[in-house]
Amino acid sequence: MVLFFSSNATADGLPVTIYMGKDKVENEDLIKYAWPQDVWFHVDKLSSAHVYLRMPDGMNWEAIPQPVLVDCAQLVKANSIEGNKKDNITVIYTPADNLKKQGDMAVGQVAFHNDKRVKRIHVAKRENPIVNRLNKTKVEKQVDHEQERIERVKKENAEKRAQAAQRKKEEAELARQRAEEKAARSYDSLFNVEEDPDAPKLTGKAIEEDFM
């Protein structure tokens, strides 16, 4: 089972999804099936829940709004048996694709591909108003991770195809406009022959004689 929470701590007030596994076994699946836009949170050096933030479009993991970071950190702390009892703890976070799982690791244990992609946030104490607000949004769901992955990839591929088709349409329109502008310039040049400033000026009679 997966526990889902909703945080409205964004600047625009639009809710973002925070989720975590209910137990160690579920945590293993979450490590395997986390989305590219997910960010993983955990109490540093202590046992805790694996909490994930699913970033909306336009959010960067290195610039997560501070109130959203605080929500995630408070939820992690509240779901750590030892960390919940302590003040002044550190919560670490990193993109989910930076998590590394090796065969000899215990259930729920992870390492990182790149330690430089791990950030930290200090949590002075438990903030009950934050934890209570998040717990009121909690929904427990049974998730078919493999099916969800298939549907996500299918949707992402469809969006990529639509974006590619739109780019192709825009490029074709731009090429058409340029071709029309080029043709217009060529047409105008036929009727805009520059006069030779050194050529003698012909009078009306001379022009008639020249024509004859």
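I will try to describe carefully the structure that is included in this document. (Residues numbered from 1 in each chain as written. Predicted model: local features only at pLDDT ≥ 70, side-chain atom pairs only at ≥ 80, totals over all residues. Heavy atoms only, no water.)

Considering all chains together, one arrives at five aromatic pairs under this definition. Consider the rings of Y19 and Y52, whose centres lie 5.0 Å apart with planes at 10 degrees: the pair is stacked. Residue Y19 is located in strand β2 (residues 16–21), and its partner Y52 is located in strand β4 (residues 51–54); the two are separated by 33 residues in the primary sequence. Comparing Y19 with Y52 shows no difference in burial state: the two are buried. The rings of F4, Y19 and Y52 are connected pair by pair, giving a single aromatic cluster. Lying over the aromatic face of W35, R54 brings its terminal NZ or CZ to 3.7 Å of the ring centre. (Phe/Tyr/Trp six-rings, centres within 6.5 Å; stacked < 30°, edge-to-face > 60°. Helix = DSSP H or I, 4+ residues; strand = E, 2+ residues; numbered from the N terminus. Buried < 20%, exposed > 50% of the residue type's maximum accessible area, 1.4 Å probe, protein only. Lys NZ or Arg CZ within 6 Å of the ring centre and 35° of its normal.)

Moving on to unusual backbone geometry. In the Ramachandran plot, K45 falls in the positive-phi region, its phi being about 65 degrees despite a non-glycine side chain. With respect to the helices, strands and loops of the structure, K45 is situated in the loop between β3 (38–43) and β4. K45 sits in the exposed class, given a relative accessible area of 74%. Unusually for a residue other than glycine, N88 sits at a positive phi of about 55 degrees. For N88, a relative accessible area of 53% gives the class exposed.

Let's shift gears to the packing of helix α2 (residues 66–78) against helix α3 (residues 128–135). Their axes nearest at 9 Å, the elements α2 and α3 cross at an angle of 90 degrees. Considered as vectors, α2 and α3 are oriented roughly perpendicular to each other. Listed contacts from α3 to V70, D71, Q74, L75 and A78 of α2 are I130, V131, R133 and L134. Split by residue class, the contact of α2 with α3 holds six nonpolar, one polar and two charged. (Axes fitted to C-alpha atoms, helices over the stretch in contact; angles between N-to-C directions. Parallel < 35°, antiparallel > 145°, perpendicular 65-115°, else oblique. Contact = heavy atoms within 4.5 Å. Nonpolar A, V, L, I, M, F, W, Y, C, P; charged D, E, K, R; others polar.)

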